[in-house]
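# Analysis of the macromolecular model
Here are the chains, one letter per residue:
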Amino acid sequence: MHRTRTLWRLAAALAFMLSMATAGAAPAATPQVQKSRADAQAFIDESTARYNAGLKSSSKPGQTIVPAAGPVWTADLDTWVEYTFPASSGASCMNGTPYRMYYKIASEASMRDKVLVDFEGGGACWDFDSCKPDSKLGASNPDGLASGYIQGDGILTKTATALTSPVLDGNTFLTNAAAYFVFGRGTGTLDNRSWWNFPKFTSQPETQRWTKLVFPYCTGDVNSGASFRVFEDPSNPQNSKKANFNGLNNVRAAMAFLRQNKFAESLSSRKSIQQLLVYGASAGGYSSLANYPMIREALAGDKTRVAMFDDSGPILPAPIYKQGEEILASDLDKTPAVKFWQKVTDAWGWFQQPTAADAKTPGHPEYAEQAKGLVARWEKATGEKVELLKSRGGDTGNLNKVLSKRYAQDRFGLGSFQQDQVISSFAFVGGQNAEVVGLTGDAFREAKMKLFTKEMNLVRAELGPLPNYGYYMPWSRYVLLGSHVTTALTFAGTDIWRASNLRDDGGRIAPEFNGDVGFFLNNLVSTESLASLPVLKEVGAPGESFSVGSLIGTVLSWFRVFDGSAA
């Protein structure tokens, strides 16, 4: 069983890496008129009815489903359990079919009331072309989630690497040995890194043993949307695509389900969650940030120690222009992601407010809340003003600042490779920045990385002064996902070495550091105070230390693998 699982993981990861191709140009998005929540619910009802009519069996070997009477949280310990949201909850995938959540309650009593919330990654879309199933810049699961998406020992049936992170699930000895051979090191600690100490440096962070809530990804909106759109085919106006960007409502329905069934109170005799980590990678990283205030409000108690790890979902700073507004050349030069944010925030409805129809629909008081966009939900959850629009003097970096200020005792962390080939493609190919349009090969990589470096410098400048917001930015791990996702498959290959007595971007004198992203994770989930254990702010030097992985990455670069990809 373990040998099969190891081979599956390595084969899946390899298949996923080799499937990545150069990201092509995408036509400009057509401005869309906001549809009412009633329209969205009618789409969900119709799609769910059609899905159920064609359903032959909802049960698979190894699959555990929440019983009709509701969950008994400690009934199936250390087992993935599936819950499918009814259409009436307002939850759905982008195509209107049923949304599913998965949980695994820890078998160890001491770990049961420590909870890891994980968001699956998988790209994004925002118009007709990007939302097509075969789009190079697209999103996972455009056709919805099959029942049994997670089952048995946790292998996902449709995603190669989502549950192979050491943050969630322990790798086998063989997987760790292979990863160490390819990348070198990768322990999550600062010692015991010699071959003869191999049993001590396998990646086993405590979060592997926590209770887990997993949100699969099927909405294309990095779980930040609450809008219903109808996109016309630019090459055939008679053809159109309905897209229910519903990520915020899926999480909202999940939090309501957990509260109604007393999830937090049922995990231990302490009647509350002791530790809570909101985590995700790639699109899941963006999802963890987008939903953090609402999740914290729903699950955390007065004494819960809460943290967030956004892996490879950097909020590239830029003022947001409304659709149709002309972007100033000075803003485009300073913050090149401004074009991308203009597109996606319009499509996903970040600034959306309920329509008159939403507020007046008889018998559906939920419609008005479900129609609210990201900004309105953050302001309600945090009690803080969230200024993102150019016209109001804001920018996207204010999301991080609001989190840091509002939850001053929480620990926040961003992980990102400096040479991330994926996010750079989404941001600048998706934004159709002039610097990358029409380029291929080395010229394309160099152009998008120049823009990405400019944005990441702004990210560090914004996060540096925030006392509770850390970051971890190694240079690259090219062979694995094109230097994308620091916690994918293994912590190996994420090392940063730094001398002592250097100032970090928070203005502090930092001790010598010689660790990896696992060490960064352990810092985030520490229960020590920020005063006694500050968050880490670490940046790796340019260039990779020599390893088999760096050699393979160099060879792959000759064949222009990983020029772009899906996040």
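Quick caveat, the model's predicted, so the values are computed rather than measured.

### Looking at the environment of Ser147
Considering the arrangement of structural elements, one finds Ser147 in the loop between β4 (114–119) and β5 (150–151). By relative accessible area, Ser147 is classed as buried at 7%. A polar side-chain atom of Ser147 sits 2.8 Å from a polar atom in the side chain of Gln63. There is a polar contact of 2.8 Å between the side chain of Ser147 and the side chain of Glu82.

### Regarding the sheet that holds strand β10 (residues 275–281)
With mixed pairing, the 10 strands of this open sheet are ordered in space as β1-β2-β3-β7-β4-β10-β11-β12-β13-β18. Looking at which strands have only one partner, the edges of the open sheet turn out to be β1 (64–65) and β18 (537–539). One ladder, built from two bridges, connects β1 with strand β2 (residues 81–84); its direction is parallel. Residue pairing across strands places Ile65 opposite Glu82, the latter belonging to β2.

### Examining the packing of aromatic side chains
This model, assessed by the stated rule, comprises 22 aromatic pairs. Ring-pair connections join several aromatic residues into one group, and the members of that group are Trp73, Tyr83, Phe85, Tyr99, Tyr103, Phe257 and Phe263.

### A word on helix α15 (residues 517–524)
Most of α15 is tucked away, with six of its eight residues classed as buried. Looking at the buried positions of α15, the neighbouring elements they touch are β10, β11 (305–311), β12 (411–415) and β13 (469–473). Where α15 begins, one side-chain oxygen reaches toward the backbone nitrogen of Gly518, 2.8 Å away; that side chain belongs to Asp516.

### Quick look at the confidence of the model for the protein chain
In the predicted model, the protein chain carries a mean pLDDT of 86, and the fraction of residues at 70 or more is 82%. With pLDDT under 50 throughout, residues 1–29 is counted as low confidence; its partners more than four residues away or in other chains account for 59 contacts. Low pLDDT (under 50) marks residues 155–163, which in the prediction has 31 contacts with non-local residues, meaning those over four places away or in another chain.

### Let's talk about the packing of helix α4 (residues 247–260) against helix α6 (residues 283–299)
Each pair of packed helices gets described by two things: the angle between the helix axes and the distance between those axes. Relative orientation of the contacting elements α4 and α6 amounts to 10 degrees, with a least axis distance of 10 Å. Between α4 and α6, the angle falls in the class roughly parallel. Mapping the contact onto sequence places Leu248, Val251, Met255, Leu258 and Arg259 in α4 and Asn291, Met294, Ile295, Ala298 and Leu299 in α6. Of the residues contributing to the contact of α4 with α6, the split by class is eight nonpolar, one polar and one charged.

### Let's talk about the pattern of salt bridges
Applying the stated rule across the entire model yields 18 salt bridges. Here Asp442 and Arg445 are joined by a salt bridge, their closest N and O atoms 2.1 Å apart. Of this pair, Asp442 and Arg445 both sit in helix α14 (residues 441–463), three residues apart, which is roughly one turn of the helix. You can call Asp442 partly exposed: its relative accessible area is 39%. Members of the salt-bridge network, linked through shared partners, are Glu369, Lys372 and Lys380.

### Brief notes about the pairing of strand β8 (residues 227–233)
One face of the sheet, then the other: side chains in a regular strand alternate in exactly this way. Most of β8 sits inside the fold, with five of its seven residues counted as buried. Both β8 and strand β9 (residues 236–245) contribute to a ladder of seven bridges, which runs antiparallel. Following the sheet pairing, Val230 is matched in β9 by Lys242.

### Let's talk about the side chain of Thr382
Within the secondary structure, Thr382 is located in helix α11 (residues 374–382). On the basis of relative accessible area, Thr382 is assigned to the buried category, the value being 4%. At 2.7 Å, the side chain of Thr382 and the backbone oxygen of Trp378 are in polar contact. Other than its neighbours up to four places away in sequence, Thr382 contacts Pro293, Val402, Arg406 and Tyr407.

### Digging into the state of the cysteines
Counted by the stated rule, this structure contains two disulfides. A disulfide bridge connects Cys93 with Cys218, and the sulfur atoms are separated by 2.1 Å. On the sign convention where negative is left-handed, the bridge of Cys93 and Cys218, at about -85 degrees about the S-S bond, is left-handed. Linking Cys93 in the loop between β2 and β3 (100–104) with Cys218 in the loop between β7 (211–215) and β8, this pair joins segments that are 125 residues apart in sequence. With respect to burial, Cys93 and Cys218 carry one shared label: buried. The disulfide bridge from Cys125 ends at Cys131, spanning 2.2 Å between sulfur atoms. Across the disulfide from Cys125 to Cys131, rotation about the S-S bond amounts to roughly 85 degrees, and the bridge is consequently right-handed. Among the residues examined, Cys131 registers a relative accessible area of 2% and is labelled buried. If the cysteines joined by disulfides in the protein chain are listed in sequence order, their pairing comes out as 1-4, 2-3.

Conventions and cut-offs
Residues numbered from 1 in each chain as written. Predicted model: local features only at pLDDT ≥ 70, side-chain atom pairs only at ≥ 80, totals over all residues. Heavy atoms only, no water. Helix = DSSP H or I, 4+ residues; strand = E, 2+ residues; numbered from the N terminus. Buried < 20%, exposed > 50% of the residue type's maximum accessible area, 1.4 Å probe, protein only. Polar contact = N/O pair within 3.5 Å; in protein donor to acceptor, adjacent residues only side chain to side chain. Pairing = 2+ DSSP bridges. Phe/Tyr/Trp six-rings, centres within 6.5 Å; stacked < 30°, edge-to-face > 60°. Contact = heavy atoms within 4.5 Å. pLDDT = per-residue confidence, 0-100. Axes fitted to C-alpha atoms, helices over the stretch in contact; angles between N-to-C directions. Parallel < 35°, antiparallel > 145°, perpendicular 65-115°, else oblique. Nonpolar A, V, L, I, M, F, W, Y, C, P; charged D, E, K, R; others polar. Salt bridge = Lys/Arg side-chain N within 4 Å of Asp/Glu carboxyl O. Disulfide = S-S within 2.5 Å.

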